[in-house]
Amino acid sequence: MRLKKDDKVMVIAGKDRGKTGKVKRVLHEKNRVVVEKLNLVKRHTRPGMDQTQGGIIEKEASIHRSNVMLYCEKCSKPVRVGVRQLKDNSKARYCKKCEELFDK
Ligand SMILES: [Zn+2]
């Protein structure tokens, strides 16, 4: 998986298509990501010990990684990403369009 926490991504499928957000969590085993304030689902909560009253809260549901793409600030659009080796042998992801590095 080429996505990491804090990456800016754009949703390319589903009801939030075209929206951008920051990756909050990466679920590697499931190939899914949780993006801040996107793909919100309503959860009903019941009155309980720690809450005085129940209600509806909105929570982010995970999105399959094939439904999001890394967003390039320079190109102002979602882009394909390549990986290249740097001089110090570390690997960095880059935008295949403008060659901008995502990992600096
Ligand atoms: Zn770019």
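The preceding data block contains the structure.
Residues numbered from 1 in each chain as written. Predicted model: local features only at pLDDT ≥ 70, side-chain atom pairs only at ≥ 80, totals over all residues. Heavy atoms only, no water.

*Asks:* Would you take a moment to explain the sheet that holds strand β3 (residues 32–35) for this structure?
*Replies:* Within a beta sheet, neighbouring strands are joined by backbone hydrogen bonds and run either parallel or antiparallel to one another. Ordered by their spatial adjacency, 6 strands build an open sheet running β6-β3-β2-β1-β7-β8, and the pairing between neighbours is antiparallel. Whereas interior strands pair on both sides, the edge strands pair on one side only; in this sheet they are β6 (63–64) and β8 (77–78). In this structure, strand β2 (residues 20–27) lies alongside β3, joined through 4 bridges in antiparallel fashion. Counterpart to Arg25 in the pairing with β3 is Val34. (Pairing = 2+ DSSP bridges. Helix = DSSP H or I, 4+ residues; strand = E, 2+ residues; numbered from the N terminus.)

*Asks:* Got a minute to help me understand the coordination of the zinc ion in this structure?
*Replies:* In a perfect tetrahedron of four donors around a metal, the angles come out at 109.5 degrees. In a perfect octahedron of six, they are 90 or 180 degrees. Taken together, Cys72 (SG), Cys75 (SG), Cys95 (SG) and Cys98 (SG) make up the full set of protein donors to the zinc ion, lying 2.2 to 2.3 Å away. One can describe the site at the zinc ion as tetrahedral: its 4 donor atoms subtend angles covering 105 to 116 degrees at the metal. Positions of the donor residues of the zinc ion, expressed as sequence spacing, correspond to C-x2-C-x19-C-x2-C. Residue Cys75 is found in the loop between β7 (68–72) and β8, and its partner Cys95 is found in strand β10 (residues 91–95); the two are separated by 20 residues along the sequence. Assessed through its relative accessible area of 0%, Cys95 is described here as buried. (Donors = N, O, S within 2.8 Å, 3.2 Å for Na, K, Ca; no water. Tetrahedral: all angles 85-135°; square planar, octahedral: opposite > 155°, others 65-115°. Buried < 20%, exposed > 50% of the residue type's maximum accessible area, 1.4 Å probe, protein only.)

*Asks:* Even after reading the chapter, I still don't get the pairing of β3, so can you show me in this structure?
*Replies:* Two faces belong to every sheet, and in a regular strand the side chains alternate between them. Turn length for the β2-β3 hairpin, with the two strands adjacent in sequence and antiparallel, is 4 residues, and the turn residue Asn31 shows positive phi of about 60 degrees. Alignment of β3 against β6, held across 2 bridges, turns out to be antiparallel. Its bridge partner lying in β6, Arg32 is registered against His64.

*Asks:* Sorry, what's going on with the pattern of salt bridges here?
*Replies:* Scanning all chains against the criterion turns up 11 salt bridges. Linking Lys4 and Asp103 is a salt bridge whose minimum nitrogen-to-oxygen distance equals 3.4 Å. Highlighted residues: Lys4 in the segment before β1 (8–11) and Asp103 in the segment after β10, separated in sequence by 99 residues. What makes Asp103 buried here is its relative accessible area of 17%. Where Glu99 meets Arg84, a salt bridge forms, and the shortest distance between an N and an O atom there is 3.2 Å. Of this pair, Glu99 sits in the segment after β10 while Arg84 sits in strand β9 (residues 81–85); the two residues are 15 residues apart in sequence, bridging distant segments of the chain. (Salt bridge = Lys/Arg side-chain N within 4 Å of Asp/Glu carboxyl O.)

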